[in-house]
Amino acid sequence: MPRQILGFERDAAGEWIVRLDCGHRRHVRHRPPLSDYPWLADAAAREARVGAAIECGRCGRGELPAGAAEYRTTATFDEATLPAGLRRDHTIRAGSWGRVEVLEGRLRFVMPPLAVDRELAAGEHAIIPPEVPHHVEPLGAVRMRVVFLRAPGPDA
Ligand SMILES: [Zn+2]
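Rules behind the numbers
Residues numbered from 1 in each chain as written. Predicted model: local features only at pLDDT ≥ 70, side-chain atom pairs only at ≥ 80, totals over all residues. Pairing = 2+ DSSP bridges. Helix = DSSP H or I, 4+ residues; strand = E, 2+ residues; numbered from the N terminus. Axes fitted to C-alpha atoms, helices over the stretch in contact; angles between N-to-C directions. Buried ≥ 20, exposed ≤ 12 C-beta atoms within 10 Å, placed from the backbone. Contact = placed C-beta atoms within 7 Å. Domains from an automatic or database assignment. Nonpolar A, V, L, I, M, F, W, Y, C, P; charged D, E, K, R; others polar. UniProt positions renumbered as here; feature names shortened; annotations may be inferred. Core = buried A, V, L, I, M, F, W, Y, C linked by C-beta atoms within 7 Å.

Observations concerning the sheet that holds strand 1 (residues 2–10)
The strands making up a sheet are joined through hydrogen bonds of the backbone, oriented either antiparallel or parallel.
1) Next: Spatial strand order, 3-2-1-4: four strands in an open sheet with antiparallel pairing. Only two strands of the sheet have a single partner each, and these edge strands are strand 3 (25–28) and strand 4 (53–55). Averaged over all neighbouring strand pairs, the angle between strand axes comes to 55°, with direction disregarded.
2) Next: Here strand 1 pairs with strand 2 (residues 16–20) via five bridges, running antiparallel. Its bridge partner being in strand 2, Glu 9 is matched across the sheet by Ile 17.

Structure follows, in structure tokens:
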């Protein structure tokens, strides 16, 4: 899914890495015709790409960025107290991730843009990338909560 470029850095081998607003980093290489980034070698052209969108495969796979740190946990909800806002599509703001955790019972977790529709049992969890619409639905009695994590900063 498309993410915003925050900046560039190089790995030990000198290959370019883009830092994305989701907290992921990805290599970009100019290897035409499969990987066509002729602007990579030019500092001004790279700078002009900051803020532009580039595809992040790791978000598409629901991979939590390395170094993401927990900063808040919701109350534990059951099938009666689960807020209506979580039962219909909603999103987590840019730069923040969620981990929906099922403590007891069963919960349906649906994230249409990433074609996710799965049942979570007690002890299981699902990862929610920033800005991706998702919702949950109790399947009978359930106890669940959501842990929020912040993507690592530029120096992480
Ligand atoms: Zn990402």
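Having seen the structure, we can now continue with the description.
Observations regarding the environment of Cys 56
1) Next: Counting through the fold element by element, Cys 56 comes out in the loop between strand 4 and helix 2 (57–60).
2) Next: For Cys 56, a count of 23 C-beta atoms within 10 Å translates into the label buried.
3) Next: On a C-alpha basis, the gap between Cys 56 and Ala 41 in space is 21 Å, while along the polypeptide they are 15 residues apart.
4) Next: Once you skip the residues sitting within four places of it in the chain, Cys 56 turns out to touch Met 1, Arg 3, Leu 20, Cys 22, His 24 and Arg 26.

Observations regarding the pairing of strand 2
For a regular strand, the rule is simple: side chains alternate between the two faces of the sheet.
1) Next: If you look at the hairpin formed by strand 1 and strand 2, you'll find five residues sitting between the two strands, and Gly 14 has a positive phi there, around 90°.
2) Next: In terms of strand pairing, strand 2 meets strand 3 through four bridges, oriented antiparallel. Counted as the bridge partner of Arg 19 is Arg 25 from strand 3.

What about the domain arrangement of the protein?
1) Next: Under the domain assignment, the protein is made up of domain 1 (2–60) and domain 2 (69–150).
2) Next: With centres defined by C-alpha atoms, the gap from domain 1 to domain 2 works out at 30 Å.
3) Next: Contacts between the two partners involve five residues from domain 1, matched on the other side by five residues from domain 2.
4) Next: Of the residues belonging to the side of domain 1 that touches domain 2, the class tally is two nonpolar, two polar and one charged.

Considering the UniProt feature "domain: TehB/YeaR-like" (unreviewed entry) in the protein
1) Next: With numbering aligned to this structure, UniProt lists the feature "domain: TehB/YeaR-like" (unreviewed entry) at residues 72–146.
2) Next: With 5% helix and 56% strand, the stretch residues 72–146 has end C-alpha atoms that lie 8 Å from each other.

Focus: the environment of Ala 151
1) Next: Secondary-structure assignment places Ala 151 in the segment after strand 10 (135–150).
2) Next: With residues up to four places along the chain from it excluded, the contact list for Ala 151 reads Cys 22, Gly 23, Pro 65, Ala 68, Gly 95 and Trp 97.

Digging into unusual backbone geometry
1) Next: Following Pro 32, the chain continues into Pro 33 via a peptide bond in cis, with omega recorded as 5°.
2) Next: Inspection of the secondary structure assignment puts Pro 33 in the loop between strand 3 and helix 1 (43–49).
3) Next: Residues other than glycine seldom take positive phi values, yet Ala 115 does so here, at roughly 55°.
4) Next: If you trace the backbone, Ala 115 turns up in the loop between strand 7 (96–111) and strand 8 (116–121).
5) Next: Residue Ala 115 is classed as exposed on the basis of its 8 C-beta neighbours within 10 Å.
6) Next: A positive phi is found at Glu 131, a non-glycine position, where the angle reads about 65°.
7) Next: Secondary-structure assignment places Glu 131 in the loop between strand 9 (125–128) and strand 10.

Quick word on the nonpolar core
1) Next: With 21 residues, the main nonpolar core has Val 100, Leu 107, Phe 109 and Ile 128 as its most contacted residues.
2) Next: Going through the elements one at a time, strand 2, strand 7, strand 9 and strand 10 are the ones with two or more residues in this core.
3) Next: Take this core: its biggest share by element is six residues, from strand 7.
4) Next: For this core, the domains that each give at least three residues are domain 1 (2–60) and domain 2 (69–150).
5) Next: Setting aside anything within four residues of it in sequence, one finds Leu 107 in contact with Val 102, Leu 120, Val 136, Pro 138, Leu 139, Val 142 and Met 144.

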